[in-house]
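# Chain and residue survey
Residues per chain, in single letters:
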Amino acid sequence: MRYDRILEDLLNRDDFLVVGRSVVRTDALDKVLGRAKFTADYVPRDTAVVKVVRSPHPHALIEGIDIEPALELPGVQMVLIAADIPGENQIGYALPDQPFLNDVKTRFVGDPVALVVAADEGSAVEGADAVRVKYSPLPSVLDTVDALRDGAPLVHEGGNVALTTKIRKGDIEKGFSEAEAVVEDLYDTPYQDHMYMEPEAAYAIPEGSGKVTVIGGMQSPFLVREKVAHILGWNLNQVRIIQALTGGAFGGKDDMGPLVCAKAALAAVKTGKPASLIFDREESVAYSNKRFPARIRYKSGADKEGRITAIDVDITLECGAFANRAPFWLWRQTAHAAGPYEVHNASIDGRAVYTNKVFGGSFRGFGNVALHFAAESQVDRLAGELGMDPVELRLRNILKPGSRTTCDQLLDHSVGIEECLTKVAEASRWSSRKRKRNGSKVTGFGVSCAYHGISTSRSTPDWSAASLILNQDGSMTYRTGICELGQGAPIGHAKIVAEITGAPMESIRIEVPDTDSTPNAKPTHGSRGLMLGGTAAADAAIKLRERMVNVAADMLGCPEGEVDLRDGKASRKGEPGETIRFPELAEELYHRGVSPASYGFYAAPKRYFDPETGLGVNYSVYTFAASVVEVEVDTETGLCEVVKVWPAMDVGKAIDPLVIEGQIHGAVSQGIGFTIMEHLKLRDGVVLTPGFKDYVVPSALDTPEYAPTIIVEEPYQHSAFGAKGVGEPAIISIVPAITNAIYDAIGVRLNKLPATAEMLHAAMRGGAR
Amino acid sequence: MMEIEITINGRKRRFDVEPNKLLLNLVRDDLHLTGTKYGCGIGECGACTVHLDGEAVLSCMVLAVDADGRTVDTIEGVADVNNLDPVQEAYIEEGAIQCGFCTPGFVMTTKALLAENPDPSEAEIREYLKGNYCRCTGYVNIVRAVQSAARKLGS
């Protein structure tokens, strides 16, 4: 269905009521008053505390676990090990490679072995220390090069390669033979910690003998339900998951939600009493999932005209101890390998490799940050080799309506990257930019484009659901499984409902996601929360609107086409005199037996790909972004500051400009952190930087100046009002824009992130101009 | 156990506390004032900021017994729903709130800043806020909110 036109025709308004305008977030009031409830805020005093007993070794066989010393402590209530798991001891996301509690061997420093349930925090910590686990340490592999050597210790029995991906398109030999310039290099990107302000938390309450409720921080309540039920060996309907307001997630809590909630649930079910598991900051940084590190070898060539003739890309993804989301992450990198450019000859290979380190996982940008860092560095270097302006070279290759992606997906509409790039170049006066030198400080400018497929990866079917009830008093209850993580997607849904039904925003209550009553909206990830979830909201709202209009037309004595719904009232178009307020209209629906409840369901157009060639239709649609940045590098110290950012994004349709800006600012900040500040240090598999002091993320002192955001609107036909997701592209485009600007400033290209002062200083000494 | 007396959000309260009890835990566990957040527990993130005798402090770094005889104000004491503080209004209006977990700490720090310095420069705002981390907003709209609050309070 073409939801962009359907809605415009249906509403037939000169101007939208709330869509496209910045409105005050309905959740902001409770948050600013300190009344908003996050998981830990629900936990009553004297609730049992769960602590995880973790492996201190990167790789070790478990010879025995003695829980008796812990049980002898007065505050300890129970100690749970693998044998206590009623269901299957397996919680891997995509591959069955991740035991829930280990009893055979451990694969990273922090791998869980047992759970201690105790009366209070102190007793739980003491209990965890008292559990005696006898380990027999094994040789470990701590990087992908070692892991791929013949005879390397095996992290998992099947070998250290978890999976591979590939794309074969055109003829790269022919492509490279047509190239005037060919560049090739290796690009390394590190772990990044999410550093959400709220550490992982879950609170589980058992009910009777066959039900448990878990309140927790998460991104996908239905995934959490599935995993908790799997561990307990229960049916899905015996597990109730409630998503508490979640204090930042950025992908991290999509993976951690199930792991943490299942531990609290097992403790609660086994003890028969409520139990809570709340990570401290150190646990969160040392043992939770991180952005997957990657090493990308990238070769590309361009002809005299600056057209990219071929790319040959080889991606090695470091999984850490478990594959987790690696199949989806690696496939995203593979599918997006050319960047937002049309390239006819492509050969791409990817492999995900196990090591004995903390496992990687979901993080904003999902593979595309590392991929675009390589691809966009290469594009700049090709421009350099050909003596061409980097913006010009990009424009000669850029995706347009009618272009095909690396996977041969035809992009017939909603392709706004050319406009993003052109406008951002204009706004930043790219063609007349000037490097400045002030003492030891030099400025430079960089540009980068980005694209990110919206929808689930690997062509898995994607759909979403929502429900809407018109209550007797005219207020509305809206339910979606899309989670509020700070990004505001559910508020975007409410705006879509408000626009379609004419209900005032304040009359729409968004219920918290609760698997006992909320329709399954699928996960809040892949920038799909607004696009997929919001279109299900639109579907529910359209169905309810039809009934409201039908009854209102009868009451007003006019054709349905003449009924206008707005400001909580129904009236006849052009005759605002006679109005029916929504409480009255709602009463009439109930009185006439017209259903006041509606269920919205939306399925994305079908996608597919050929596993042999990788070609097919991979993502529903793509969001595009372009950024220009100005940096200042101190050539004495290596310290780099991002001075100014010019952001542009094709969002399809802006549902709320203020929310979009907020997403861009936050993504850029995380991108600045990833590129020049954040450095997760490990030694022998031990995370050495488990806090804000050592793992330095941007503070208020590290904010660049922002030019006004350039919003390009190329509507997507199959989503409500044409909106596309906006959460991820800004972090993807900012990272290479910064490194390209650093090169512009000092002539040094760091292919290994982070480009901290230390690294830049060393690189400049080793061959700066 | 030690007996202490603290004026919390305008009300005098007596407590028996262990000498090692943190003010953060007293506020959250004993008083159920859960607007004050645990973010790191070691004074690095600012999420637990409260006012002690009007000054912004990290409640995870203050022993409850050290607040004996003093005044503690938390986010819950700043305003009620119908009568927001200009700082709170500004945070809402400027889009300075996303996930909201850091928000109470930021509001408390901002109030302390504006009490000390009613007309801070942007550089002074950034310097004062540097101990409060936010991972969602990139601080842009937070700084705008502080500037807007200063204008509201000044007019």
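Residues numbered from 1 in each chain as written. Chains lettered and ligands numbered in written order. Predicted model: local features only at pLDDT ≥ 70, side-chain atom pairs only at ≥ 80, totals over all residues.

## So, the domain arrangement of chain B
For interface size, the figure often reported is the accessible area lost on association. All names here are of chain B. Defined as follows: Throughout, the edges of the domains are those of an automatic or database domain assignment. Residues are defined as contacting one another if the C-beta atoms placed from their backbone atoms lie within 7 Å. Here a helix means four or more residues in a row that DSSP labels H or I, a strand means two or more in a row labelled E, and each is numbered from the N terminus.
Domain assignment breaks chain B into domain 1 (2-77) and domain 2 (86-154). Taking only C-alpha atoms, the centre of domain 1 and the centre of domain 2 are 21 Å apart. On the domain 2 side, the residues contacting the 14 residues of domain 1 number 12 residues. If one sorts the elements of the side of domain 1 that touches domain 2 by residue count, strand β3 (residues 49-52) sits on top with 3 residues.

## Remarks on the interface of chain A and chain B
Applied cut-off: The nonpolar class holds Ala, Val, Leu, Ile, Met, Phe, Trp, Tyr, Cys and Pro. Asp, Glu, Lys and Arg form the charged class, and all remaining residues, Gly among them, are polar.
Tallying the contact residues gives 42 residues for chain A and 43 residues for chain B. When contributions to the side of chain A that touches chain B are tallied by element, the ones reaching two or more residues are α2 (28-33), α3 (39-42) and α18 (657-677) of chain A. Tallying contributions element by element places α18(A) first for the side of chain A that touches chain B, with 6 residues. Here the residues of the side of chain A that touches chain B sort into 20 nonpolar, 13 polar and 9 charged.

## Things to note about the domain arrangement of chain A
Domain boundaries assigned for chain A yield domain 1 (3-36 + 463-603), domain 2 (40-138 + 200-278) and domain 3 (364-458 + 617-765). A breakdown of the residues in the side of domain 2 of chain A that touches domain 3 of chain A according to their chemical character gives 4 nonpolar, 1 polar and no charged.

## Points about the sheet that holds strand β15 (residues 308-320) of chain A
All names here are of chain A. Worth spelling out the cut-off: A pair of strands is labelled paired if DSSP reports no fewer than 2 bridges between them. Helix axes are fitted only over the stretch in contact, all axes being lines through C-alpha atoms; the angle between N-to-C directions runs from 0 to 180 degrees.
The strand order β7-β16-β15-β14-β8 describes an open sheet built from 5 strands, whose pairing is mixed. Strands with a single pairing partner mark the edges of an open sheet, and in this sheet they are β7 (161-169) and β8 (181-189). Going across the sheet, the axis of each strand differs from the next one's by a mean of 5 degrees, ignoring polarity. Sheet topology places strand β14 (residues 294-302) next to β15; 9 bridges connect them, and they run antiparallel. Residue pairing in the sheet places Ile 296 in a bridge with Ile 315 of β15. Against the sheet, helix α12 (residues 368-386) makes contact with β8 and β14, and its axis sits at roughly 150 degrees relative to β8, the strand it touches most.

## Regarding the environment of Ala375(A)
Residues and elements named next belong to chain A. Summarising the element assignment, Ala 375 is placed in helix α12. Considered as a pair, Ala 375 and Gly 339 are 36 residues apart in the sequence and their alpha carbons are 6.1 Å apart. Dropping the residues within four chain positions of it, Ala 375 is found in contact with Tyr 298, Ala 337, Ala 338 and Gly 339.

## Here's the deal with α18(A)
Note the threshold: In this scheme, a helix's expected span is set at 1.5 Å multiplied by one less than its residue total. Whether a residue is buried, exposed or partly exposed follows from its count of other C-beta atoms within 10 Å of its own C-beta, namely 20 or more, 12 or fewer, or something in between, respectively; the C-beta atoms are built from the backbone.
Between its first and last C-alpha atoms α18(A) spans 29 Å; for 21 residues at 1.5 Å apiece the expected length is 30 Å, and the two agree. Counting buried residues in α18(A) gives 18 out of 21 residues, a clear majority hidden from the surface.

## Things to note about the nonpolar core
So the rule is basically this: In this description, a nonpolar core means buried residues of the types Ala, Val, Leu, Ile, Met, Phe, Trp, Tyr and Cys, linked to one another by C-beta atoms lying within 7 Å.
Core analysis: the largest hydrophobic core is formed by 304 residues, its most contacted members being Ala114(A), Val116(A), Ala264(A), Ala265(A) and Val497(A). The residues touching Ala114(A), leaving out its near neighbours within four places in the chain, are Val53(A), Ile65(A), Ile67(A), Val79(A), Leu80(A), Ile81(A), Leu101(A) and Val131(A).

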